[in-house]
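An overview of the molecular structure
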Amino acid sequence: MGEIEGTYRVLQTPGSRLGVQKNAGVSTLEPGQNLSTAMSSSPAKTHEKDLQVKIKMLDNTVEVLDIESKYYGQALLTEVYKHLNLNESDYFGIEFQNIQSYWIWLEPMKPVIKQVRRPKTTMLRLAVKFFPPDPGQLQEEYTRYLFALQIKRDLAEERLTCSDNTAALLISHLLQSEIGDFDESEDREHLKTNQYLPNQERIQGKILEFHRKHVGQTPAESDFQVLEIARKLEMYGIRFHLASDREGTKINLAVSHMGVLVFQGNTKINTFNWSKVRKLSFKRKRFLIKLHPEGLYQDTLEFLLGSRDECKNFWKICVEYHTFFRLFDQPKPKAKAVFFTRGSSFRYSGRTQKQLVDYIKDSGMRKTPYERRHSKVRVSTHASNTDVPKQSAFTEGLRTPGSPASATVPFHSFHSSATPTTVLPIFAETSPSSLDPRVPHARIPEKNTAAPVEETGRKLMQQPGSPTFQSFQGHPVDHSQLSSLVLKSPLGMNTVFQVNLNAAGQGSSPLLSPVLSDAGGARIEEDDEMKRKRYPTDKAYFIAKEILATERTYLKDLEVITVWFRSAVIKENAMPEGLMTLLFSNIDPIYEFHRGFLKEIEQRLSLWEGRTNAHMKGDYQRIGDVMLRNMRTLKEFTSYLQKHDEVLTELEKATKRLKKLEMVYKEFELQKVCYLPLNTFLLKPIQRLMHYKLILGRLCKHYTADHRDFADCRNALKEVTEMTSQLQHSLIRLENFQKLTELQHDLIGIDNLTAPGREFIREGCLYKLTKKGLQQRMFFLFSDMLLYTSKGVTGTNQFKIHGHLPLHGMLVEESENEWAVPHCFTIYSAQKTIVVAASTRLEMGKWMEDLNMAIEMAKKSTEKSDMLLDNSVCNRSNRSSDEVSLEQESEDDIHSSRSSLDRQSHHRANTTMHVCWYRNTSVSMTDHSVAVENQLSGYLLRKFKNSNGWQKLWVVFTNFCLFFYKTHQDDYPLASLPLLGYAVSSPVEADGIQKDYVFKLQFKSHVYFFRAESKYTFERWMEVIKRATSSPARSSLLLPKDKKDSHSD
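Attention here is on the structure that accompanies the text. (Residues numbered from 1 in each chain as written. Predicted model: local features only at pLDDT ≥ 70, side-chain atom pairs only at ≥ 80, totals over all residues. Heavy atoms only, no water.)

**Observations concerning the nonpolar core**
For clarity, the threshold we go by: Among buried residues, those of type Ala, Val, Leu, Ile, Met, Phe, Trp, Tyr and Cys that are joined through side-chain atoms within 4.5 Å constitute a nonpolar core. Throughout this description, buried means an accessible area under 20% of the type-specific maximum (1.4 Å probe, protein chains only), exposed means over 50%, and partly exposed covers the range between. Only DSSP runs of H or I reaching four residues or more are called helices, and only runs of E reaching two or more are called strands; each is numbered from the N terminus. Contacts are assigned to residue pairs that have any heavy atoms within 4.5 Å of one another.
Residues Leu76, Phe92, Phe287 and Ile289 are the most contacted members of the largest nonpolar core, which totals 100 residues. No other element matches helix 9 (residues 308-326), which puts nine residues into this core. Not counting chain neighbours up to four residues away, the residues in contact with phenylalanine 92 comprise Leu58, Tyr81, Leu86, Leu126, Ala127, Val128, Lys129, Thr143, Leu146 and Phe147. Residues Ile547, Val563, Met631 and Phe681 belong to the second largest nonpolar core, which totals 83 residues.

In structure tokens, the structure reads:
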């Protein structure tokens, strides 16, 4: 007793791991059987049509169908699909309410009377069962029309919750589809007699306003727009199943093409992607998700549903969704057990989405004309929108049956009006720019291609040198379609935007290991090593090679602004002309200069390595002359660099003021090519000067005074030092402003973080003492206040502010003995007192030192921090106490957030605050400044702990993170590895590494080995990673001598 009642092992699919043998899943059909033969061989004692079943269609007409008493569910489905002449039938199903009044799907492999207890009185209804992420995947116009009717039904029943603006826009397109072009009196009359939304009178004005803009739009175009708008909503295709987690918190479970979703209220708080799920099972009322053992997640998650039947019903839906969207082929038959069976034998028994799409494409079936029952619109002479595939014309009534067989079962039709269900609250909001269908998002394909993924990929690869950009829109890898949009780039090159609808990126943790497998990259062979040994071994050569490698990365970083961001804002016409001129007139000349500089360095290294005969004609084994010549030229660009302050400020002001620019900015930051916060790239030109200074300093230190290259290197160093001294103060100010604006985007609950005079000091994870015990919180220390937050549950990965403490009058004391909590200290402020604990004593020391320093600075400051707080922090708590605050933070407060459309996209999760949250550490502004100096690029060989071969990868180290590329020419990283918390060392004997110049990275059980090409390169990688990932232990000054040795991570 007590065994698992139903299990479903989530098989590896071609989308989750390349190169794995295809496994098509399991079916309950007998070998050699298909659905039609199974139905025809089912026992039937009588052929009398002795049962009448009522089915409500999507247009609200009710059909009465006479069926045999032993009819299987599949036979009933087949008759309905034949009656409608529906080709893409596998997206649909028939649902009915059981005794407990929740909706369940009719199973094809069971008799109808065994599922529907009172078939004569139960109203069944046709509904969309599987919602694809992209309506362009629906091949037929008629299918899209039925999907639009489903969206209409969901609006009326308030399943599809959205803002008033979005609801009005959806209804306006439905109106255009049903009654044609705008006519105010006709519109008002139609809205009186047709209820699209409960209480729709309050948004009637908006509906009419939107409908006025759709003149000339055909019904097919309107359907397509309805689906395009609906699919961006968080509640698109979502059907809630009430549940609770292990702590008893009330939640809602749902399933989609991506995986299993968890909601709190109407806010999505978690997604368990199919690629992460190993097995789904249920045991009585408990629903269990077993994950692949990686990252920071628990291995098995457990949820409690209302009853065993509800639990089994949800499990069945999950099995069907996984099979439909993730498997290529129809599941194979399952061998029947000889003696007994254990658990449920339920499996999905229809076609997968891949099979369905291929069937429609390959069958070449003639598109049968159909009519819309409600529509007054006749065939329009208006040319269809290019977004909508032109397929069939329109006539009046239901779709014409395609074959006589569809008339074998008598149907009796009558019309029934939709009855709205219980009113649910509407949470989502949207902005006018996101509502306008004429303003496409950067991630929405503008035109569908029917070409397979591989073929499209080859076509794109055939365009040499064209930057490609890829974005995620929540579509499984298995069935993704690629759309390419060719734009004329501002620099005169053809830029191909490759839009890949892919879910692999969406639910991934920023802290998981890089996704590249051993087979994913080029191998280093022995002959490659022989080639390397022929190259120069002088240290100066490897320093010059570092200049080349980092210059390549720097130029790619500039292209993020000059090519990619420019294309995005031009495409959407989102940036004012004045700001365009200010931004690009300052950065374009710098970009063009560095393109020429890079070519010079490449030519010189080629000569140095002796790869041409030119080295016979002169002495080219030096770099100082190239550096001196270009540093002198670069001095002429100092005026451009001095304007970066103004550029950064004006760009931030414009994004706050202009909604469209803000949207483009946020969408662009989500693209893979923008691997860092966007405004970080604007600081790169000044930071690059600091790198030149450090590299030239190393060259001068290496050379003797009489070396032929020494004088040029020293003069180049003098030139660049002169520039950096002029820009040093500006860089400090810009780095602070950049950090504040980055936090402004990532924090919910503060309006003006970039207030004049405010400086960022430290961010990191501490545990705050509450009535529930120690709760994890993110703390942010500024020169005038301390903020503490919790991780948002909005799917945007943002942090919500819970409290703020002014530094004026604050006191910090160590309190380990008082509370018996390790590494604990108390923060006393005028508002309240809080007790927090750090993960280590070293972390506690860092926080206490920075807090005391900031408090001293606040005392000396003449400005009142309270004035800044009044103007910036929203939703302030009025509570204050002289005693220690152990308040119970309400769940509503923790989990509430704005969920507007412009915040529903997945927020980038690679920022330092998210890494600090997962790694239980902190980072100061000093650490950020050190990290800027410690940036490095180059080819490394990588090996996993349990693998045999080495992978050659282009690796970029910046912002505390390693980014992996196949080559230096790639536009975006394949994977990333945040290094905060990692330890870097040389391998030990137990690691079994027999190669030279190998360093080891380790965090808990995650181990990676990297191999450099020379001693110098090896030492440089070790140096920069150590300096950037282990901040100075200045806090040791605060600790007694006997405790200094106890510091540990």
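**Observations concerning the pattern of salt bridges**
Let me state the cut-off plainly: Between Lys or Arg on one side and Asp or Glu on the other, a salt bridge is scored when a side-chain nitrogen of the former is within 4 Å of a carboxyl oxygen of the latter.
If you walk through the whole model with that rule in mind, you get 44 salt bridges. Its salt-bridge partner being glutamate 302, residue arginine 246 comes within 4.0 Å of it at the nearest N-O pair. Of this pair, arginine 246 sits in the loop between strand 8 (241-244) and strand 9 (250-255) while glutamate 302 is found in strand 14 (residues 300-305), placing the two residues 56 residues apart along the sequence. Each of Glu546, Arg698, Arg1020 and Glu1023 takes part in salt bridges that share partners, so that together they form one network.

**A look at unusual backbone geometry**
Even without being a glycine, asparagine 199 presents a positive backbone phi close to 55 degrees. Topologically, asparagine 199 is positioned in the loop between helix 6 (184-193) and helix 7 (204-211). Look at asparagine 573: it is not a glycine, yet its phi comes out positive at around 50 degrees. Looking at where asparagine 573 falls in the secondary structure, it is placed in the loop between helix 14 (539-572) and helix 15 (577-608).

**A short note on the packing of aromatic side chains**
The cut-off we apply is this: Two rings belonging to Phe, Tyr or Trp (six-membered ring only in the last case) form a pair when the distance between their centres is within 6.5 Å. Interplanar angles under 30 degrees mark stacking, angles over 60 mark edge-to-face geometry, and anything in between is tilted. Should the NZ of a Lys or the CZ of an Arg lie within 6 Å of a ring centre and within 35 degrees of the ring normal, that charge is described as sitting over the ring.
Tallied over the full model, the rule gives 34 aromatic pairs. With centroids separated by 5.0 Å and ring planes inclined at 70 degrees, the aromatic side chains of tyrosine 541 and phenylalanine 542 adopt a geometry described as edge-to-face. The burial state of tyrosine 541 is the same as that of phenylalanine 542; both residues are buried. Residues tyrosine 982 and phenylalanine 1003 carry aromatic rings whose centres are separated by 5.5 Å and whose planes lie at 35 degrees to one another, so their mutual orientation is tilted. A residue pair is termed long-range when its members are at least 10 positions apart, and tyrosine 982 in the loop between strand 35 (975-978) and strand 36 (983-985) and phenylalanine 1003 in strand 37 (residues 998-1003) qualify at 21 residues. With a relative accessible area of 7%, tyrosine 982 lands in the buried category. Counting every residue linked through ring pairs, the aromatic cluster contains Tyr91, Phe92, Phe130, Phe131, Phe147, Tyr236, Tyr321, Phe324 and Phe325. The lysine or arginine in question, arginine 919, covers the ring of phenylalanine 1003, its NZ or CZ lying 4.5 Å from the ring centre.

**What about the side chain of glutamate 88?**
Under the convention used in this document: A residue counts as positive if it is Lys or Arg and as negative if it is Asp or Glu; His and the chain ends are not included. Under the rule applied, a polar contact is a pair of N or O atoms within 3.5 Å (in protein, one hydrogen donor and one hydrogen acceptor; residues adjacent in sequence only if both atoms are side-chain atoms).
If you trace the backbone, glutamate 88 turns up in the loop between helix 2 (73-84) and strand 5 (92-97). Lacking a salt bridge, the buried glutamate 88 has arginine 144 as its closest oppositely charged neighbour, with an N-O distance of 6.4 Å. Among the polar contacts listed, one links the side chain of glutamate 88 to the side chain of threonine 143, at a separation of 2.7 Å. Setting aside residues no more than four positions away along its own chain, glutamate 88 makes contact with Gln137, Leu138, Gln139, Glu140, Thr143, Leu356 and Ile360.

**Brief notes about the pairing of strand 29 (residues 824-828)**
Stated precisely, the cut-off is as follows: Paired strands, as defined in this entry, are two strands with at least two bridges between them according to DSSP.
Among the five residues that make up strand 29, four are buried, leaving the element largely enclosed by the rest of the structure. Bridge count for strand 28 (residues 811-814) against strand 29 is four bridges, and the pairing is antiparallel. Paired with glutamate 814 across the bridge in strand 29 is phenylalanine 825. Judged from the five bridges that link them, strand 29 and strand 30 (residues 833-837) form a sheet pairing that is antiparallel. Bridge pairing in strand 30 links phenylalanine 825 to valine 836.

**Side note on the side chain of glutamate 178**
Within the fold, glutamate 178 resides in helix 5 (residues 164-179). In this structure the side chain of glutamate 178 is engaged in a polar contact, spanning 3.3 Å, whose partner is the side chain of histidine 190.

**Quick word on the state of the cysteines**
How we decide: The rule for a disulfide is simple: a pair of cysteine sulfur atoms within 2.5 Å.
Inspection of the entire model under this criterion finds zero disulfides. Free of any disulfide, cysteine 700 has its nearest cysteine sulfur in cysteine 713, 5.3 Å distant. With no disulfide of its own, cysteine 765 lies closest to cysteine 916 among cysteine sulfurs, the gap being 8.3 Å. Here cysteine 765 falls in the buried class, since its relative accessible area comes to 2%.

**Considering the environment of arginine 777**
Positionally, arginine 777 belongs in strand 25 (residues 773-782). With a relative accessible area of 5%, arginine 777 lands in the buried category. Spatially, the C-alpha atoms of arginine 777 and cysteine 765 are 5.8 Å apart, while their sequence positions differ by twelve residues.

**Notes on the packing of helix 6 against helix 7**
To be explicit about the condition: For every element, the axis is a line fit to its C-alpha atoms; helices are fit only across the contacting stretch, and the angle between N-to-C directions ranges from 0 to 180 degrees. Convention used here: angles under 35 degrees read as roughly parallel, angles over 145 as roughly antiparallel, angles from 65 to 115 as roughly perpendicular, and any remaining angle as oblique. In this scheme, a crossing is called left-handed if the near helix is turned counterclockwise away from the far one by less than a right angle; it is called right-handed if the turn is clockwise.
Helix 7 packs onto helix 6 with a crossing angle of 135 degrees between their chain directions and a minimal axis gap of 11 Å. Here helix 7 runs oblique to helix 6, going by the angle between their axes. In the packing of helix 6 onto helix 7, the handedness of the crossing is right-handed. Residue-level contacts link Glu184, Asp187, Arg188 and Leu191 of helix 6 to Gln204, Ile207, Leu208 and His211 of helix 7.

Nothing here speaks to function; it is all geometry.
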